[in-house]
Amino acid sequence: MIRSLSILYRSEHDLARLPQDILSHPADRMLIQVFSGILEEDRIKELLDQLKSRFPGAPILGTTTAGEILEGKSLDNSTVLGITCFENSRVRSSLVAQNDDLPAAGRALGISLGQPDTKVVIAFGCGIKDKRTLFAQSLLDALRQQLPGAALAGGQAGDNGRGTQTLVFTDEGIAGEGVAAASIAGADLIANNAYTLSWVPIGKKMTITHAEGSRVYAIDGQTPYDIYSHYLGKEVADGLPLSAAEFSLMIERDGVLLAIHATGVNPDGSIDYIHNFNVGEQLRFGHCHTGLIGRGAQRLCAELSAQPAETAFVYSCVSRKWILGADVLVELAPIDCVAPSTGFFSYGEFFGRPHCKPVFLSQTLTVLCLAEGNAKTRREGILDTRSEPEKAASRQFKTMRVLHRLVETSTREIETTNRELAGLAQKDFLTGLANRRLFEERLALEIKLFARSGNQLSLIMLDVDHFKCYNDTYGHVMGDNCLRGVGQVLREVVQRSSDLVARYGGEEFAVILPDIAHARAMLLADTVRQGIERLNIQHSASATSHRVTASLGVVTVSLDKTSDSADIVSLADEQLYLAKESGRNQVRGLDRTISAK
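None of the values given here were measured: they were computed from a predicted structure.

Draft legend 1. Up close: a negative patch on the surface. Taken together, E40, E41, D42 and E46 make up a surface patch of like negative charges. Counting through the fold element by element, E46 comes out in helix 3 (residues 41-54).

Right under this line is the structure:
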């Protein structure tokens, strides 16, 4: 059985009034979480000294916040203590005082926190570095590698929206650049974590056309600043990143819909984000759909209630608090009906189920419920009741649901029309390149022109290596993103107005290069090959490389001995076949004349 007690801490007198059975509970079966809206390090140190005096040897895990959560309510500039006493489960804490090398920090924490029957790891990271929000995915991946069977929870520390300095701490000390974490282990410990987003995509799909890591230089060929200015208005663009907190970029990865917010704007119009992006990925603007908040809270509580729950830890993105205001109670209050809850508002959330890839989230509400033995949920009938805040806001929520349905339906109809128009215009809808029909028409036309001009023509055929394995491993959404990235590389390398880049079919592309020598065509083909490698798209199922690669075949023909288009394509295909048979990720070419018909 788990006993939890959460208090609003104002002074040491609040600790003196704690029940004796809490004060005398075995230290190694206790976790004290501290959520501090008080940011001064000396005051945090004073509190730590008091806690260590009252609870000698007890693991402490704490963070500065952008708001505190106590029993279903949202607080500001306060300090909340969540004291959890376990009957059988053991708790261990650890602090790593660096975040320059997050994988190393994750490995160190995993080694320090590992214990038999580890079921849960809760981590708090310093979320700000050089006034930018840290991308913590590599930390979570390293923790998962060390502790594959543990649920991962927690988030990035906050500083009340200042964006300057965050702190994390344990009973070992305080760090301004680091990660604090605790592990909970027990044979009968039950851990159940879940999250809700309630951010929904809106408007047209856009494509990343230039990105390096988390810095995006171009979307649909324009700077991100110009994209924000065009769709959201210049006032929003000039006030980035905070002005667009409600309008994140939304993208689907590994079946998970992510809302990714901006963290900084650069003088060249590029924008830094909390997550990395790849060229070719498609995204849309998203917004917090307040009409779905209540429904999302009910679904979340239903998922949490499916297993025993005696205590609930809530780690929620501060954007939800900023946007929802008082309506944030709509999603916080029901959680406290599942189990006594405490937590904080963060600068990014950590989420991972046992033996599954963890995810660094933003804009989400995450909850970790714990129980021991055969415990039951705190209250029955949670799914049949609604909190008073939701009842008060239900009119507004219904209005927003109707508004979103109107916008989404209209957007879907526009996309259908655009798809039909793209087909009529002989464009490939996925990549925006020419389709096969236009390629064949253009190649036939170029051959006719050769009969009069006597110039050379080169043709490149490209095939993405092991693409079926990529689709099978990462799914069709990521496969589409990959193909768009390859298409973008071709666009950037092949730039003459007389050239034509086409998607020939599936993962195969073709390039028509009129009036170009064979050596130049081979150089362009190898530039494309290198560009695809530089996309650095992970491909763990490839037998050729750990990242996506391509094989290319090139043929060059001249006027006096030119055949029809099928013969030229066949020759290029033969070279492509040789490139594949020779190990892939290479270019093979043929400079040859063939008899004209």
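So much for the structure itself; the text now carries on.
Draft legend 2. Quick peek at the layout of surface pockets. The volume enclosed by the largest pocket comes to roughly 1200 Å³. If you trace the largest pocket, you find 39 residues lining it, with N276, N278, M478, N536 and Q538 closest to the centre. At the level of elements, helix 5 (137-146), strand 16 (199-212), strand 19 (256-260), helix 13 (467-474), helix 14 (476-493) and helix 15 (518-534) are the ones that each hand at least two residues to the lining of the largest pocket. Top element by residues in the lining of the largest pocket is helix 14. It accounts for 6 residues. By residue class, the composition of the lining of the largest pocket is 16 nonpolar, 14 polar and 9 charged. Taken as a whole, the second largest pocket holds about 890 Å³ of empty space. What lines the second largest pocket is a set of 31 residues, and nearest its centre among them are K205, M206, T207, Q282 and R484. When its residues are assigned to classes, the lining of the second largest pocket shows 11 nonpolar, 8 polar and 12 charged.

Draft legend 3. The sheet that holds strand 30 (residues 508-514), seen in detail. Strand order in the open sheet made by the 5 strands is 29-30-28-31-32, with mixed pairing throughout. Looking along the sheet, the strands with just one partner apiece sit at the ends: strand 29 (500-505) and strand 32 (587-591). Ignoring which end each strand starts from, the neighbouring axes of this sheet average 15° apart. Pairing of strand 28 (residues 457-464) with strand 30 involves 7 bridges; the strand directions are antiparallel. Bridge pairing in strand 30 places I460 opposite V511. Those strands touched by helix 14 are strand 28, strand 29 and strand 30, and its axis lies near 10° from that of strand 30.

Draft legend 4. Summary view of empty space enclosed by the protein. For the structure on display, the rule yields 2 cavities of 30 Å³ or more. Lining the largest cavity are N99, L102, G125, C126, L134, A136, L139, Q156, G178, V179 and F350. In the lining of the largest cavity, the residues fall into 7 nonpolar, 4 polar and no charged. Computed from the structure, the second largest cavity encloses a volume of approximately 30 Å³. The wall of the second largest cavity is formed by S4, L5, S6, G82, I83, T84, T311, P340, S341 and T342. At the level of secondary structure, the elements contributing two or more residues to the lining of the second largest cavity comprise strand 1 (2-9), strand 6 (79-86) and strand 24 (341-346). Here the residues of the lining of the second largest cavity are counted per class, giving 3 nonpolar, 7 polar and no charged.

Draft legend 5. Geometry of the sheet that holds strand 17 (residues 215-219). On the basis of which strands lie adjacent, the open sheet formed by 7 strands has the order 19-18-22-16-17-21-20 and antiparallel pairing. The sheet is open, and its two borders are formed by strand 19 and strand 20 (262-265), each paired with just one other strand. Each strand of the sheet is rotated relative to its neighbour by a mean of 50°, with strand direction disregarded. Across 5 bridges, strand 18 (residues 249-253) lies against strand 19 in antiparallel orientation. For L249, the partnering residue across the bridge sits in strand 19 and is I260. Where helix 14 meets the sheet, it contacts strand 16, strand 18 and strand 22 (282-288), and its direction lies at approximately 115° from that of strand 18.

Draft legend 6. Looking closely at helix 10 (residues 329-338). Along helix 10, 9 of the 10 residues are buried, which leaves the element largely enclosed by surrounding structure. When we look at burial in helix 10, the residues that qualify are V330, E331, L332, A333, P334, I335, D336, C337 and V338.

Draft legend 7. Here's a closer look at the pairing of strand 14 (residues 179-185). Of all 7 residues making up strand 14, 7 are buried, and the element is well covered by its neighbours. Residues V179, A181, S183 and A185 point to one face of strand 14 and A180, A182 and I184 to the other, with burial holding for every one of them. Across 7 bridges, the pairing between strand 7 (residues 90-96) and strand 14 is antiparallel. Counterpart to S94 in the pairing with strand 14 is A181.

Draft legend 8. Expanded view of the packing of aromatic side chains. Evaluation of the coordinates by the stated rule reveals 14 aromatic pairs. Aromatic side chains F135 and F360 sit 6.0 Å apart centroid to centroid with 65° between the ring planes, which places their arrangement in the edge-to-face category. Here F135, found in the loop between strand 10 (132-133) and helix 5, pairs with F360, found in strand 26 (residues 359-361); they are 225 residues apart in sequence, far enough to count as distant. When its relative accessible area of 25% is taken as the criterion, F135 is described as partly exposed. F360 sits in the buried class, given a relative accessible area of 0%. Seen in terms of ring centroids, Y273 and F277 are 5.3 Å apart; in terms of plane orientation they differ by 80°. Their pairing is edge-to-face. Assessed through its relative accessible area of 3%, F277 is described here as buried.

Draft legend 9. Seen up close, the nonpolar core. Formed by 45 residues in total, the largest nonpolar core has its most connected members in Y228, Y273 and F277. Per element, the largest residue contribution to this core is 4 residues, and it comes from helix 4 (residues 102-113). Among residues more than four places away in sequence, those in contact with F277 are I208, A211, G213, V216, L249, I251, R253, I260 and L283. Listed in part, the 33 residues of the second largest apolar core include L433, I460, L513 and V528.

Draft legend 10. Quick look at unusual backbone geometry. In this structure, the amide linkage connecting L240 to the following residue, P241, adopts the cis form with an omega of 10°. A positive phi angle, close to 50°, is found at N77, a residue other than glycine. Position of N77 relative to the elements: it lies in the loop between strand 5 (73-75) and strand 6. Positive phi is not limited to glycine here, since D117 has a value of about 60°. For D117, a relative accessible area of 44% corresponds to the partly exposed category.

Draft legend 11. Structural context of the environment of G432. In this structure, G432 sits in the loop between helix 11 (388-424) and helix 12 (436-453). Looking at G432, the relative accessible area reads 37%, which means it is partly exposed. Here the alpha-carbon distance between G432 and F345, two residues 87 residues apart in the chain, equals 41 Å. Residue contacts for G432: discarding those within four places in its chain leaves K427 and R491.

What counts, and where the lines are drawn
Residues numbered from 1 in each chain as written. Predicted model: local features only at pLDDT ≥ 70, side-chain atom pairs only at ≥ 80, totals over all residues. Heavy atoms only, no water. Patch = residues over 30% accessible without salt bridge, like charges linked within 9 Å, V, L, I, M, F, W, Y side chains within 5 Å. Areas by Shrake-Rupley, 256 points an atom, 1.4 Å probe, with all protein chains shown as cover. Salt bridge = Lys/Arg side-chain N within 4 Å of Asp/Glu carboxyl O. Lys, Arg positive; Asp, Glu negative; His and termini not counted. Charge placed at Lys NZ, Arg CZ, Asp CG, Glu CD. Helix = DSSP H or I, 4+ residues; strand = E, 2+ residues; numbered from the N terminus. 1 Å grid on protein atoms, 1.4 Å probe; cavity = no way out; pocket = protein on both sides within 12 Å on 5 of 7 lines; lining within 4 Å. Points joined across faces, edges and corners; volume = space filled by probe spheres on them. Nonpolar A, V, L, I, M, F, W, Y, C, P; charged D, E, K, R; others polar. Pairing = 2+ DSSP bridges. Axes fitted to C-alpha atoms, helices over the stretch in contact; angles between N-to-C directions. Contact = heavy atoms within 4.5 Å. Buried < 20%, exposed > 50% of the residue type's maximum accessible area, 1.4 Å probe, protein only. Phe/Tyr/Trp six-rings, centres within 6.5 Å; stacked < 30°, edge-to-face > 60°. Core = buried A, V, L, I, M, F, W, Y, C linked by side-chain atoms within 4.5 Å.

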